[in-house]
Amino acid sequence: MARIVMKFGGTSMAGIERIRNVANRVKQEVDAGNQVAVVVSAMAGETDRLVNFCREASPLYDPREYDVVVASGEQVTSGLLAIVLQSMGVNARSWLGWQLPIRTSDAHASARIATIDTEALGAALATGEVAVIPGFQGMADGDRITTLGRGGSDTSAVAVAAAMKADRCDIYTDVDGVYTTDPRIVPRARKLSRVTYEEMLELASVGAKVLQTRSVGLAMKEKVRVRVLSSFDDSRDEDGYRGTLIVGDDEIEEGSMERQLITGIAHDKNEAKVTLVAVPDRPGAVATIFTPLADASINVDMIVQNIAHETGSTDVTFTVPKAELTRALDVLEKQKPTIGFERVLHATNVCKVSVVGVGMRSHAGVAATMFKALADRGINIQAITTSEIKVSVLIEDDYTELAVRVLHTAYGLDAEEEADA
Ligand code: ASP
Ligand code: MG
């Protein structure tokens, strides 16, 4: 007998027919003798609809009341799933965030989970009851309803799995796993049977939007075995795996002798480039740029400082989220006298392309391969950053698809056969 958490996303819960499909999957696990907690999302599109109601009601809505409204989508689906399970003869009960409770910070609309009380939950599971838990919601001090930020039900599921010491957390979604890159760009992208937490974190945060990034960080910290798989497709890959298992580094090394050097290639069009021209080349100059940006909670990602000109000044280029560009430019303008730059340039037609893989820890030449492959296609690199398991470059966004395709081939990631063969 295993204790498992099953999480179903919005597409899987969209309508009673689909909820029946979900219930069948839950029943299979129950019939196999497992203890099951299910975490559900709202029906696809529902949270957007509720968010829009709040905006329409008042652009300056109270975030505490926003949470009351948007948390309701998951209340509906959890109750409906419990009803359908009961109608199939499965003993099931819903547990809302405040009933367990799932305690969170009071940062409404982006709350963080603090603790999950597992006493009632554990007792229910021990009697063979299926617990259906709405994702995305919790309760702050003062017993107000909170939500965890968009996509947050992945984090709910991982947190419940960690708190219950579940054997695994299966995240059912509308794709059959995590791919080497976006299959819409590269039809020969391959589904990965396993990926490490660290790789998944990089892939999730650089654009492969399968799981909420926060949920992966939590899974890594709590060592929760997460599997991403489809609620609509039961097929297995040629190695007999369903979905993608997200695990620790050690397991991958054991699992496959011929581990790929590079696991995946991601791209992210959500950054903008800022260049400060002629910043005085003296100690502390860079701090005068990035301290005020940090104080304004603007996340800077890539940074390039050019070699000093003979005039004793240097150019500094960096990226910020596109959504923060206007604010960043405003902060920089205000700091102009302190920083002492001449002019500021900015561009939004850029894309960050990243190659990710734990294999690069023990191999030289990964970055060189990337730069050469891009150079051969005449793609200019505007900025570079690296970490132990990732190399990212900033390029003109018109070249995104070409760059991803070329790199996918350069690292030998293309599937053997044509996808449509
Ligand atoms: N329903 C919420 C959202 O759309 C949470 C989730 O589904 O993960 O953001
Ligand atoms: Mg999601």
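Being a predicted model, the structure only gives us computed values, none of them experimental.

Among the nonpolar cores identified, the biggest contains 39 residues, and Val5, Ile133, Cys169 and Val226 are the most heavily contacted of them. When residues of this core are traced back to their parent elements, those giving at least two are β2 (35–40), α5 (119–126), β6 (130–134), α6 (153–163), β9 (168–173), α7 (197–205), α8 (213–222) and β11 (226–230). The dominant element in this core, judged by the number of residues it contributes, is α6, at six residues. Not counting chain neighbours up to four residues away, the residues in contact with Cys169 comprise Val5, Ala157, Val158, Ala161, Val224, Arg225, Val226 and Arg227.

This next bit is on the UniProt feature "binding site: ATP" (unreviewed entry) in the protein chain. Within this numbering scheme, the UniProt entry marks Lys7, Phe8, Gly9, Gly10, Thr173, Asp174, Tyr179, Arg184, Lys209 and Val210 as carrying the feature "binding site: ATP" (unreviewed entry). Across 204 residues in sequence, these annotated residues place their C-alpha atoms as far as 25.1 Å from one another, rather than forming a single compact spot. Residue Gly10 is classed as buried on the basis of its relative accessible area, which comes to 18%. With residues up to four places along the chain from it excluded, the contact list for Gly10 reads Ser41, Ala42, Met43 and Ala44. One can find Arg184 in the loop between β9 and β10 (194–196). Owing to a relative accessible area of 74%, Arg184 belongs among the exposed residues under this scheme.

This part is about the sheet that holds strand β19 (residues 383–387). Overall, antiparallel pairing links the four strands, which are arranged β13-β18-β20-β19 in an open sheet. Edge positions in the sheet fall to β13 (264–268) and β19, since each of these pairs with one other strand and no more. Averaged over all neighbouring strand pairs, the angle between strand axes comes to 20°, with direction disregarded. As paired strands, β19 and strand β20 (residues 390–396) are joined by five bridges and run antiparallel to one another. Its bridge partner being in β20, Ala383 is matched across the sheet by Leu394. Along the sheet, α7 contacts β13, β18 (350–356), β19 and β20; its crossing angle with β13, the most-contacted strand, is approximately 30°. Docked against the sheet, helix α12 (residues 366–376) engages β18, β19 and β20, running at close to 20° with respect to β20.

Per the UniProt record, "domain: ACT" (unreviewed entry) is found at residues 274–358. As a span, residues 274–358 carries 31% helix and 36% strand, and end to end its C-alpha atoms are 30 Å apart.

Now for the site of ligand 1. Every residue near ligand 1 is listed here: Ser41, Thr47, Glu74, Phe136, Arg150, Gly151, Gly152 and Ser153. Take Thr47: an N or O atom from its side chain is 2.8 Å from a nitrogen atom of ligand 1. For ligand 1, the protein covers 86% of the area, taking 260 Å² as the surface of the free molecule. Residues belonging to the shell around ligand 1 are distributed by class as follows: one nonpolar, five polar and two charged.

Analysis parameters
- Residues numbered from 1 in each chain as written.
- Chains lettered and ligands numbered in written order.
- Predicted model: local features only at pLDDT ≥ 70, side-chain atom pairs only at ≥ 80, totals over all residues.
- Heavy atoms only, no water.
- Core = buried A, V, L, I, M, F, W, Y, C linked by side-chain atoms within 4.5 Å.
- Buried < 20%, exposed > 50% of the residue type's maximum accessible area, 1.4 Å probe, protein only.
- Helix = DSSP H or I, 4+ residues; strand = E, 2+ residues; numbered from the N terminus.
- Contact = heavy atoms within 4.5 Å.
- UniProt positions renumbered as here; feature names shortened; annotations may be inferred.
- Pairing = 2+ DSSP bridges.
- Axes fitted to C-alpha atoms, helices over the stretch in contact; angles between N-to-C directions.
- Near = heavy atom within 4 Å.
- Polar contact = N/O pair within 3.5 Å; in protein donor to acceptor, adjacent residues only side chain to side chain.
- Areas by Shrake-Rupley, 256 points an atom, 1.4 Å probe, with all protein chains shown as cover.
- Nonpolar A, V, L, I, M, F, W, Y, C, P; charged D, E, K, R; others polar.

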